[in-house]
Amino acid sequence: MTGGNSTTFSEAPPRVSEWARFWRVFFQRKIVIFGLAVLALLVICAIFAPWLAPHDPYRGEMRDALSQPCAKYPLGTDIQGRDTLSRLIYGARTVLVVGFITVGVAAVAGVVLGITAGYYGGIISMVIMRFMDALMGFPMMLLALLLAAVLGGGIQNVITALSVATIPGYARVIHGLTLSIKENDYILAQRAMGADDRRIMLSHILPNSLPPMIVLITLQLGSIILAEAGLSFLGIGIKPPGAAWGAMVSDGYGYLLTHPVLSFAPGFAIMLVVFAFNLLGDGLRDALDPRLRGLL
Amino acid sequence: MTAYIIRRLIMAVIIIVIVTILVFCAIRLLPGDPLIIFLGQNANIEQMSQERIEQLRHEYGLDRHPVVQYFDWIGGVLRGDLGRSITYRDNVGKIMAERFPVTLHIGLTAFILGNAFGILLGIVAALRRGRWMDTVVTIISYIGISIPVFWLGFLLIYFFGLKLRWLPITGYVSPFVDFWQSTKSIIMPAICEMITGMAVIARQTRSAMLEVSRQDYIRTAWAKGLRERYIVVKHMLKNSLIPVITLLGIGVGMIFGGSVLVETVFAIAGVGRLLVTSVFQQDYIVVQSGVLVISSIVILSNLIVDISYGWLDPRIRYG
Amino acid sequence: MKKIILLLGIAFIIAALILTGCAKPQATTTPTAKPTVTGAQPVYGGTVRVINSAGPRILGYSLEQGPMDLFVLLCAAEKVVEYNEKQELVPHLAESYKIDENAKTITVKLRKGIKFHDGSDCDAEAIAWNYKYQTENKRVGYIDQWDYMEIKDKYTLIIHYKGDYNNQLLNAWLWSPPMYSKAAFEKAGNGDIEKSKDWARQNVSGTGPFRQYAFQRDVSLTMVRFDDYWGGKPYLDKIEYLFIPDPVSASLKMQAGEAELWFGVPIKDQLTLEQAGLKRIVGQPSVSMLIPNLNSPDSKWHNKDLREAVEYALDKEGMAKALGFGYYSPAKMVAPKGVWGYSESWPGRNYDPNKAKELLQKSGYKGATVKVLVLTGTAVDTATAVKRYLDDIGLNCEVDIADPGRYYGSLYGTGWEDLILGGFGVLGNSLQAFHMNLGDQPLTRMGSWSLPSELVSLSKQSRTYPDEAGQKEAAGKLYMALSEGAYLIPIYQVESASIASPKFHITYGQESGFTQYWARYWLEK
């Protein structure tokens, strides 16, 4: 989403440092700050969960089961008597762990595969990219479901499944970028001068592909969180009594008629965080996109 | 162009072969012996002699080498025989044929409506940038990409099914049985399946439109004093829709992926739910054939998208 | 952009208000069963829509049919004998049956004029054909005692058995197998047995009050009144089974009046639906329990101290209260209250974490992780609570959630490592229930359960009593031995329940959980 300022075409843009431009464009839209605030809150909750949570998230008072929101339990309790608020706060950890490890693993694998395929081309590219195409052929949910069923439930397996399902996306983007960067004159010149392949990849192609990667990663985080929720809904997510928002929505799903907050609160939290990651991703894209340089 | 299409077709075949190998290997890794589990569900393992188990194992070809099993399966698929389900004791092709029309009916509806609304919303937002229409579209698209689909399904069921009683809560009615009931029964599932795709398309259309509007030829068109409608339809739309088309292929995948969740929520016996239950029941013959069919569809629709992309964008030439 | 935040905020707040506003206040009183209209006269006609979570895979091919398949077909398939409201076996297709200890025969006299749905007669020959098919494929229990059959006349069938008198034979042989039409099976294949089997997998032709009309796999099964039913004209015109896996959708469908009956309702939905004015049909009690692995020779569960530690660790009362919405009660024995074998005098093992810790120490437990295998769904709540209490005494516990495939595969097939969360229901009397699952020669064997050797002779002996008093005493001894040895760990007692529209008059639940008399059920106009 581009900002509300009208663009001026008449003057040539003044030369400003890249950082200053990034800063200005990124914070131009106030809603991005809202997104950042949400994510900051998420990180704070994840780090300081033991101090912030009013109750034990895993061990509830059985006799307080399914209490409606009250002073003791601001968001009520679930059937195990566990405090929803505390579980939400601890759930922030799961969100970050699942989200970041998945994205991290997938991005690293995707980058390595994408750059290798793009740089060397030929049969290597053919093999790698056809494998990626094959993985792309599976709808993400189906692939994750298949892998989760093969590997069993649990957080590690959810991460594995979602990583495998998201690798091709990164590989494709990086592959395309590498192809276009490779043809630039300065790279051609370096190769002509006999520079080492690995050096070219690491020092030229990788940094150049970082901005689009950052944007992609940020936007991907949202869909990873949603996919984890979906897997939990189907019954193959994090194991109890672990606190995961996706699992909380599906656990609370059965009580929505009597205790809507059980499902509503984590559902809302998921929406909010995914929304924040999308805002951040959009902001980063606008700020990092060289094509918008001078326009924003 | 023809050479390009042929090359892409060959590539698609190679990809599908890789898919078959991946699926086959993944399924073999499933824990447990599918036959034992099937017998266990029927709770009669004790009365089932070892002899009979061996006989069944032989009947389903489970006693042979995996490579032989793979080629058996592929050979069957090529002959149009997708194998025999362990739990249903019936031909997988027949079971899939029962389910496919349902998933396609909902999926196609979602696909068409999602793309149409997405493009429409994107155009409106881009043309009225910064105005309230733009704000509304932005909100809808953010909600669309942020909401858990099954949760949306429940909200719809709760309000339209139970509170307002406008729509049936679950189930699917074939349009050949009762067209009106059928349409009512697919409204909510279709909304759930289309929401993400619609949001993505709307965002993409909006930004593509904005990008095109910054191009020199559009500025020239404005400078020439052409009418807005003419510029929008003749210049902007045509050019900005090209990048949107690449998303259509992904949309097909999204619909099949979404059907897994949506068909579970709305208790619709389509391919998505068949695959979920089959994964759980480790009916690997259904899973491998089902995944193969769906992936082939996704890969082929991506192929069509790629080819039409080249056909639509005159800048792309094939050597 | 401020507008976006504002509008988003407003949208969320409105949604939140609507959702919370729609919530019904939590009931504070324990729900009471609503009295059914007494003295109401049954009327003919009407369609009943029945919700079940899963549909049958195999309709009329008994060799491949499991109990889950048969459950929704009980309106079409009948047995030689049935259970009545007092949990006694009574003649059903049979006019009478008699077991002769001296001659070692079971004589079945059939009712005259019973027709299968295809119009063929249900006579001794048809019943014998069913038995022949079943015994040849070893599908009936106590197969080693089956000798041969004799068709005495058109309506009399005599089964000869070998070995000692066995009071479980009536249940295993006369009650268990449903009877299907031989003529229909043979006609469908026209000589080709494979074709016949394929037909039978998709079609049922029994003697029940309703016959198959339409079957859409995993979607619905429609049954219509069978006018030639031997027991008189059924009241209902049509039964429409709807297979809905998601309990929330099913609950909403019941509330919207889009179905008249829902089998096997999860406990939380029972409360909601009862509050919404629907009728709760209480069925037979069952006990939710942990079954330790007593089968593998190297299992740590052969240690009694460890088993006892687990039982003392569980706050059964707290669990029953929290998980049961007032419908559960803590269980001290696996035999539910009121059945044979339930002992008032047995004190049970009440919540005592300190004693549990002591016993755990005594057992020589070294900190290994213990897995609790559980079926996905509401049982996960119970398992999570179990984990909580076991963690409390220092027993490391992990909940292993299995889908139906793996769960039933493990329960009845490949077995489990430590504990599995299961239920113990009583069909008929509790001695039968014991021999069905737990005995030395169970009709349905569990993967990792075998009767401890010290109980085997007791189990064998219990089958020899022909009289009720003897059987009752034998059951008492068996269940007491199970409790004293802590071989099974009972948690709470639960009544299986279904939910019905107040207009639907149904006696299901008063009979054995696996008996349905569809010809008697009727719907108010």
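Each value, and the rule that gives it
Residues numbered from 1 in each chain as written. Chains lettered and ligands numbered in written order. Predicted model: local features only at pLDDT ≥ 70, side-chain atom pairs only at ≥ 80, totals over all residues. Heavy atoms only, no water. Helix = DSSP H or I, 4+ residues; strand = E, 2+ residues; numbered from the N terminus. Buried < 20%, exposed > 50% of the residue type's maximum accessible area, 1.4 Å probe, protein only. Contact = heavy atoms within 4.5 Å. Axes fitted to C-alpha atoms, helices over the stretch in contact; angles between N-to-C directions. Parallel < 35°, antiparallel > 145°, perpendicular 65-115°, else oblique. Left-handed = near helix turned anticlockwise from the far one by under 90°. Phe/Tyr/Trp six-rings, centres within 6.5 Å; stacked < 30°, edge-to-face > 60°. Core = buried A, V, L, I, M, F, W, Y, C linked by side-chain atoms within 4.5 Å. Polar contact = N/O pair within 3.5 Å; in protein donor to acceptor, adjacent residues only side chain to side chain. Pairing = 2+ DSSP bridges. Expected span 1.5 Å × (residues − 1). Buried area = accessible area lost by both parts, 1.4 Å probe. Salt bridge = Lys/Arg side-chain N within 4 Å of Asp/Glu carboxyl O. pLDDT = per-residue confidence, 0-100.

Thoughts on the overall build of chain B
Then step 1. When helices and strands are tallied, chain B shows 12 helices and 0 strands.
Then step 2. In sequence order, chain B lays out its α and β elements as α-α-α-α-α-α-α-α-α-α-α-α.
Then step 3. A buried classification covers 55% of the 319 residues belonging to chain B.
Then step 4. Within chain B, residue pairs in contact and separated by at least 24 positions form 73% of the contacts whose partners lie at least 6 positions apart.

Remarks on the packing of helix 5 (residues 182-189) of chain C against helix 6 (residues 193-202) of chain C
All names here are of chain C.
Then step 1. Here helix 5 crosses helix 6 at 120 degrees, and the two axes come no closer than 7 Å. If you check the angle between helix 5 and helix 6, you find them oblique. Every pair of crossing elements has a handedness; the one defined by helix 5 and helix 6 is right-handed. For the pair helix 5 and helix 6, contact is made by Ala184, Phe185, Glu186, Ala188 and Gly189 and by Ile193, Lys195, Ser196, Lys197, Trp199 and Ala200, respectively.

Things to note about the packing of aromatic side chains
All names here are of chain C.
Then step 1. On inspection of all chains with the given rule, the structure shows 34 aromatic pairs over all chains.
Then step 2. The interplanar angle of 75 degrees and the centroid separation of 6.1 Å between the aromatic rings of Tyr61 and Tyr133 together place this pair among those described as edge-to-face. Linking Tyr61 in the loop between strand 1 (47-52) and helix 2 (67-71) with Tyr133 in helix 3 (residues 124-136), this pair joins segments that are 72 residues apart in sequence. Grouping residues by exposure puts Tyr61 and Tyr133 together as buried.
Then step 3. Their ring planes at 75 degrees and their centres at 6.5 Å tell us that Tyr241 and Trp518 sit as a pair that is edge-to-face. Here Tyr241 is found in strand 10 (residues 238-243), whereas its partner Trp518 is found in the loop between strand 18 (504-505) and strand 19 (522-523), with 277 residues between them in sequence.
Then step 4. Residue classification places Trp518 among the buried residues on the basis of a relative accessible area of 1%.

Describing the nonpolar core
Considering soluble globular proteins, one finds that nonpolar side chains tend to be buried as a cluster.
Then step 1. If you look at the biggest cluster of nonpolar residues, it comprises 157 residues, and the most contacted ones within it are Leu42, Leu234 and Trp245 of chain A together with Trp151 of chain B.
Then step 2. By residue number, the principal contributor to this core is helix 4 (residues 84-120) of chain A, which donates 14 residues.
Then step 3. Not counting residues up to four positions away in its chain, the partners in contact with Trp245 of chain A are Leu42, Arg87, Leu88, Gly91, Ala92, Val95, Pro266, Ala269, Ile270 and Val273 of chain A.
Then step 4. Counting 81 residues, the second largest nonpolar core, distinct from the first, contains Leu271, Val310, Ala322 and Leu395 of chain C.

Observations concerning the side chain of Gln65 of chain C
Then step 1. Checked against the element boundaries, Gln65 of chain C lands in the loop between strand 1 and helix 2.
Then step 2. Among the polar contacts made by the side chain of Gln65 of chain C, one reaches the main-chain carbonyl oxygen of Ile58 of chain C at a distance of 3.2 Å.

Regarding the pairing of strand 17 (residues 489-500) of chain C
Residue and element names in this part refer to chain C.
Then step 1. Among the 12 residues of strand 17, 10 are classified as buried, and the element is accordingly described as predominantly covered.
Then step 2. Alignment of strand 11 (residues 261-262) against strand 17, held across 2 bridges, turns out to be antiparallel. Its bridge partner being in strand 17, Leu261 is matched across the sheet by Ala500.
Then step 3. Taken together, the 10 bridges between strand 12 (residues 279-292) and strand 17 define a ladder with antiparallel strand orientation. What sits directly across from Met289, in strand 17, is Pro490.

Section: helix 3 of chain C
All names here are of chain C.
Then step 1. Taking 1.5 Å of rise per residue, the 13 residues of helix 3 would be expected to cover 18 Å, and the 18 Å separating its terminal C-alpha atoms lies within 8% of that figure.
Then step 2. In terms of burial, helix 3 is largely enclosed, as 10 of its 13 residues are buried.
Then step 3. If you check which residues of helix 3 are buried, you get Ala124, Ala126, Ile127, Ala128, Trp129, Asn130, Tyr131, Tyr133, Gln134 and Thr135.
Then step 4. Those residues of helix 3 that are buried are in contact with strand 5 (105-110), strand 6 (146-153), strand 7 (156-161), helix 4 (169-175), helix 5 and helix 6.
Then step 5. Remark: Lys138 follows helix 3 within two positions and exhibits a positive phi of approximately 55 degrees.

Structural notes on the interface of chain B and chain A
It is common to report an interface's size as the accessible area lost on association of the parts.
Then step 1. Taken residue by residue, the interface counts 48 residues in chain B and 46 residues in chain A.
Then step 2. For the pair chain B and chain A, the summed buried surface comes to about 4,300 Å²; carbon and sulfur atoms form 78% of the total.
Then step 3. It is Tyr142, Phe150 and Trp151 of chain B in chain B that bury the most area against chain A; as a group they hold 16% of the surface buried on that side.
Then step 4. In this assembly, chain B and chain A are joined by 1 salt bridge.
Then step 5. Where Arg203 of chain B meets Asp282 of chain A, a salt bridge forms, and the shortest distance between an N and an O atom there is 2.8 Å.
Then step 6. Counting every contact that joins chain B to chain A gives 3 residue pairs in polar contact (both at pLDDT 80 or more).
Then step 7. The element that contributes the greatest number of residues to the side of chain B that touches chain A is helix 1 (residues 2-28) of chain B, accounting for 9 residues.

Here's the deal with the environment of Met132 of chain A
Residues and elements named next belong to chain A.
Then step 1. Checked against the element boundaries, Met132 lands in helix 5 (residues 122-137).
Then step 2. Exposure remark for Met132: the relative accessible area of 6% places this residue in the buried category.
Then step 3. Sequence separation of Met132 and Tyr170 is 38 residues, and the distance between their C-alpha atoms is 9.7 Å.

Some points on the confidence of the model for chain C
All names here are of chain C.
Then step 1. Residues with a pLDDT of 70 or more make up 92% of chain C, whose mean pLDDT is 85.
Then step 2. For the stretch residues 1-5, pLDDT sits under 50, and the model shows 10 contacts to residues farther than four places along the chain or on other chains.
Then step 3. With pLDDT under 50 throughout, residues 14-37 is counted as low confidence; its partners more than four residues away or in other chains account for 32 contacts.
Then step 4. Here the prediction assigns the complex a pTM of 0.78, and the interface score ipTM is 0.80.

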